[in-house]
Amino acid sequence: MEPGHRHVRTGLNHRGHRAQSHPDPEPAVQQPLNLTTPTSAVAHAAFPKGCLAMRIRDQLGSVFSNEEFREAFGDRGRPGISPGQLALVSVLQFVENLTDRQAAHAVRARIDVKYLLGLELTDPGFDFTVLTGFRQRLLDHGLEERVLDLLLERLAGQGLVSAGGRQRTDSTHVLAAVRRLNRLELIGETLRACLEALSAASAQWLVSWMDPAWQKRYGARTDAYRLPSERSERDRLAQQIAADGYRLLEAVHTSTAPTWLREIPAVTVLRTVWIQQFTRTVTDGVQEVGWRGKDDLPPGRALIASPYDPHARYSHKRGSAWTGYKVHLSEDCTGSGQPHLITHVVTTDATANDATVVDAVHDALTTKSLEPAEHLLDSGYSSAELLLTAPVEREICVVAPVRPNSTPQQIRSAGFGKSAFTINWQERTATCPSGRTSRYWTVGLDNNGRDAIRIRFATTTCSPCPVRDQCTRSTQYGRQLTVRPQGQDALLERVRAEQTTKAWKERYAARAGVEATIHQAVAVGGMRRTRYRGLAKTHLGHVLTATAVNLIRLDAWWTGTPLAQTRTSRLAALELAT
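Residues numbered from 1 in each chain as written. Predicted model: local features only at pLDDT ≥ 70, side-chain atom pairs only at ≥ 80, totals over all residues. Heavy atoms only, no water.

Participant: Explain the overall build of the protein chain residue by residue, including any values.
Facilitator: Helix and strand counts for the protein chain come out as 22 helices and 13 strands. Contacts in the protein chain between residues far apart in sequence, at least 24 positions, make up 69% of those at least 6 positions apart. A total of about 29,900 Å² of accessible surface is found on the protein chain, and carbon and sulfur atoms cover 50% of it. (Helix = DSSP H or I, 4+ residues; strand = E, 2+ residues; numbered from the N terminus. Contact = heavy atoms within 4.5 Å. Areas by Shrake-Rupley, 256 points an atom, 1.4 Å probe, with all protein chains shown as cover.)

Take a look at the structure:
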């Protein structure tokens, strides 16, 4: 071996192929290949107009080096496949929406991919299962965001992305790679999945005590046969499944059972689902099991929706319902002459409030030295606290609309709204239009955990009031106001006034461009439906998709491809008299 070349032991050798001994490509192929070499000459001859993979190599050279992934791969033992090359292949999957098999075939058969990776034309490639192992190593060592960060570091050195500009963030829903289940299907599939896992882990122990009827009862998927339509029959079936599940859990936790069975993920999911779905009482040895009522179920953020993806959650928004996740994309939109690149990705469960991720986004962008001077958000992310503290604590000006006053008086534009009351912040009282003073001033939190103040007028004060019907619809209690702390309350009123002006609307109009980014990620990388199960794997897929979108946009910028114009229907384009 030549001096200066080192192997990286990835542990991801060929499966069914000979073990390759690729040297670390960093010292040898950090710069683009010379066009006089056989590989590059043949590649450019085969693609005279060039292609995305070749332009990436020509413009960026070797995008990822092995050293950047060294902590996830050993450097002793038999050499494996370059992790830098595997990272680039993983991104290429989402550039062209390829499966693992298709990506591995592209490495073996496509000359442009060989040119991108710096491989010889005779290189046999690798087995597709290597990509699964590579992704798992990234997750095990917390490197799921390394691919996007490395690309951004390279582009920051070229001045294509930097701190202090303008960025925008928005979210969209992501469907989990599991089927949506009703409650009866959920418990049936959860028990069946647990039995399948125990059959694989310790078949001898399971056979030693399991009721033979279970093999027929749970041998096929719950949706493989027609469930009973009668309510009483469905309840009996649910009680049967629940009793069997409790019996299985008791058997797993007996002293004669191997202790490691309790740590199997499917057993943990079974125990959690049974706690969430059932109530159980045992009186004189007689067990009574029943469904939990609708009001007795856990909140949606904790309720397991499928045993095959315990992190997926059911949620609904604006009439759309789904089981899965949310993804939040942040992109730079500073200049019109440069590509708008995705700078950060956050993946949450489907029930997470958008406002809870803003601090995490700002922290991550600051760590990357990409914090914006102006951040455009929609009303789902904004809050009075964020608008007030972000410019002071982070030097980030958040531009986002706030929700309008939603009191009945404000909606009907009739009666006495909040503006009709005079608030004395020092004395902690409010005065109504009739000159009466409030009695209660309670400081606490609202439903979203934000600071709020509730001001209440006494019932005896409001009952005899002649204009009571213009102030409150309650017949038992006095008028109540909910306001923010003084500084936040003043800011909310100011922003509500500003967001109706033409200047504010023109400034905020740039946020709409992030919708196109989400569409591109969905259309090109298939972001609407995750390929993987679990929050961590789903997030890795989103990071790879964001990196792929960045490369596609860079390629369009390198080739001078103009942005597509927003399409408007003929009906929407009509100029109607108003």
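Participant: If you had to explain the pairing of strand β4 (residues 313–317) to someone new, which residues and values would you point to?
Facilitator: Residues in a regular strand point their side chains to alternate faces of the sheet. Bridge count between β4 and strand β5 (residues 320–332): 5 bridges; the pairing is antiparallel. Bridge assignment links H316 to a residue of β5, and that residue is A321. Taking the residues that link successive antiparallel strands as the turn, the β4-β5 hairpin has 2 residues, and the phi of R318 there is positive, at about 50°. (Pairing = 2+ DSSP bridges.)

Participant: Got a sec to walk through the pattern of salt bridges? Specific residues and values, please.
Facilitator: Considering all chains together, one arrives at 30 salt bridges under this definition. R110 is the salt-bridge partner of D112, the closest N and O atoms lying 2.9 Å from each other. On the basis of relative accessible area, R110 is assigned to the partly exposed category, the value being 27%. Measuring nitrogen to oxygen at the nearest pair gives 3.2 Å for the salt bridge that ties R496 to E493. Taken as a pair, R496 and E493 lie in helix α18 (residues 486–498) at a separation of 3 residues, close to a single helical turn. (Salt bridge = Lys/Arg side-chain N within 4 Å of Asp/Glu carboxyl O. Buried < 20%, exposed > 50% of the residue type's maximum accessible area, 1.4 Å probe, protein only.)

Participant: Explain the nonpolar core residue by residue, including any values.
Facilitator: Residues F64 and F126 are the most contacted members of the largest nonpolar core, which totals 87 residues. A per-element tally of this core places helix α21 (residues 535–558) first, with 10 residues. Ranked by size, the runner-up nonpolar core spans 34 residues in total, among them L181, A251, A257 and I304. (Core = buried A, V, L, I, M, F, W, Y, C linked by side-chain atoms within 4.5 Å.)

Participant: Outline helix α20 (residues 514–525), listing residues and values.
Facilitator: Side chains three or four residues apart in an α-helix point the same way, a direct result of the helix having 3.6 residues per turn. Its 12 residues give α20 an end-to-end C-alpha distance of 16 Å, which sits within 8% of 16 Å, the value for a rise of 1.5 Å per residue. The complete set of buried residues in α20 reads V514, T517, I518, Q520, A521 and G525. On an axial view of α20, the arc spanned by its buried residues comes to 160°, and they lie on one face. Exposed residues on α20 whose side chains face more than 90 degrees from its buried face are H519 and A523. Looking at the buried side of α20, the elements it contacts are α4 (83–95), β1 (166–175), β5, β6 (342–349) and α21. (Expected span 1.5 Å × (residues − 1). Arc of directions from axis to C-beta.)

Participant: I'd love a proper account of the environment of Y440, names of residues and values included.
Facilitator: Note on placement: Y440 falls in strand β11 (residues 440–445). Assessed through its relative accessible area of 35%, Y440 is described here as partly exposed. Excluding residues within four positions of it along the chain, Y440 makes contact with R454, I455 and R456.

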